[in-house]
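# Observations on chain architecture
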Amino acid sequence: MSGDDHPRQNLNNELQKIYGPSAQDHIRWEVYSQGPPNNLIWHATVYIDDMNYGYASSRTRGGAQDEAAGKAYDYLKRERS
């Protein structure tokens, strides 16, 4: 599998490069679902230092988190280049 298959891990690795061992102190997730139990939509927002770096919706919790993490990772990479 390529690194692109693990967006949350990619984001975590990038945050480790920036913040070192305190990386987890700089990230916060907001994850919730909406809709009827048989048709849930999951929403995930990732905050880095209380700034919104990525938001996504998906039919699964993990899918929403992965997509939001991918957006945050891309934003961080652009910001640092």
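Relevant structure appears above.
What this report covers is the structure whose coordinates are included nearby.

Cut-offs used in this document
- Each residue is numbered by its place in its chain's sequence as written, counting from 1.
- The predicted nature of this model means local features are confined to residues of pLDDT at least 70 and side-chain atom pairs, given and counted, to a pLDDT of 80 or more, with totals for whole chains, interfaces and linings taken over all residues.
- No hydrogens and no water enter the side-chain calculation; it runs on all heavy atoms of the structure.
- Ring geometry is summarised as follows: Phe, Tyr and Trp rings, the Trp one being its six-membered ring, pair when their centres sit within 6.5 Å, and such pairs are stacked at plane angles under 30 degrees, edge-to-face over 60 and tilted between the two.
- Here a helix means four or more residues in a row that DSSP labels H or I, a strand means two or more in a row labelled E, and each is numbered from the N terminus.
- Buried, partly exposed and exposed residues are distinguished by accessible area as a fraction of the type maximum, computed with a 1.4 Å probe on protein chains only: under 20%, between the cut-offs, and over 50%, respectively.
- Think of it as a cone above the ring: NZ of Lys or CZ of Arg counts as a charge over the ring if it is within 6 Å of the ring centre and within 35 degrees of the ring normal.
- Whether two residues are in contact is decided by their heavy atoms, any of which lying within 4.5 Å being enough.
- Here, a strand pair is defined by DSSP locating no fewer than two bridges between the strands.
- To obtain an axis, a line is fitted to C-alpha atoms, over the contacting stretch when the element is a helix, and the angle between two such axes runs from 0 to 180 degrees between their N-to-C directions.
- Multiplying 1.5 Å by the residue count of a helix minus one yields the expected span of that helix.
- Arc definition: directions from the helix axis to the C-beta atoms.

## Describing the packing of aromatic side chains
This model, assessed by the stated rule, comprises one aromatic pair. For the ring pair Y53 and Y75, a centre distance of 4.9 Å and an interplane angle of 90° mean the geometry is edge-to-face. In this pair, Y53 sits in strand β3 (residues 51–58) while Y75 sits in helix α2 (residues 61–80), placing the two residues 22 residues apart along the sequence. Among the residues examined, Y75 registers a relative accessible area of 35% and is labelled partly exposed. Directly above the aromatic system of Y47 lies the positively charged group of R28, at a separation of 4.1 Å from the ring centroid.

## A look at the side chain of E14
Structurally, E14 is set in helix α1 (residues 7–19). With residues up to four places along the chain from it excluded, the contact list for E14 reads Y73, L76, K77 and R80.

## A word on the sheet that holds strand β2 (residues 41–48)
Here three strands make up an open sheet; going across it, the order is β1-β2-β3 and the pairing antiparallel. On the outer flanks of this sheet lie β1 (27–34) and β3, each paired with one strand and no other. Going from strand to strand, the sheet's axes swing by 15° on average, the running direction of each strand aside. Sheet topology note: the β2/β3 ladder contains seven bridges and is antiparallel. Bridging across to β3, T45 finds its partner in Y55. Helix-sheet contacts for α2 involve β1, β2 and β3, and the interaxial angle to β3 is about 145°.

## A look at α1
For α1, built from 13 residues, the straight-helix expectation of 18 Å at 1.5 Å per residue is met to within 8% by its first-to-last C-alpha distance of 18 Å. The complete set of buried residues in α1 reads P7, N10, L11, E14 and L15. Down the axis of α1, the buried set is contained in an arc of 130°. They therefore lie on one face. Against the buried residues of α1 lie β1, β2 and α2.

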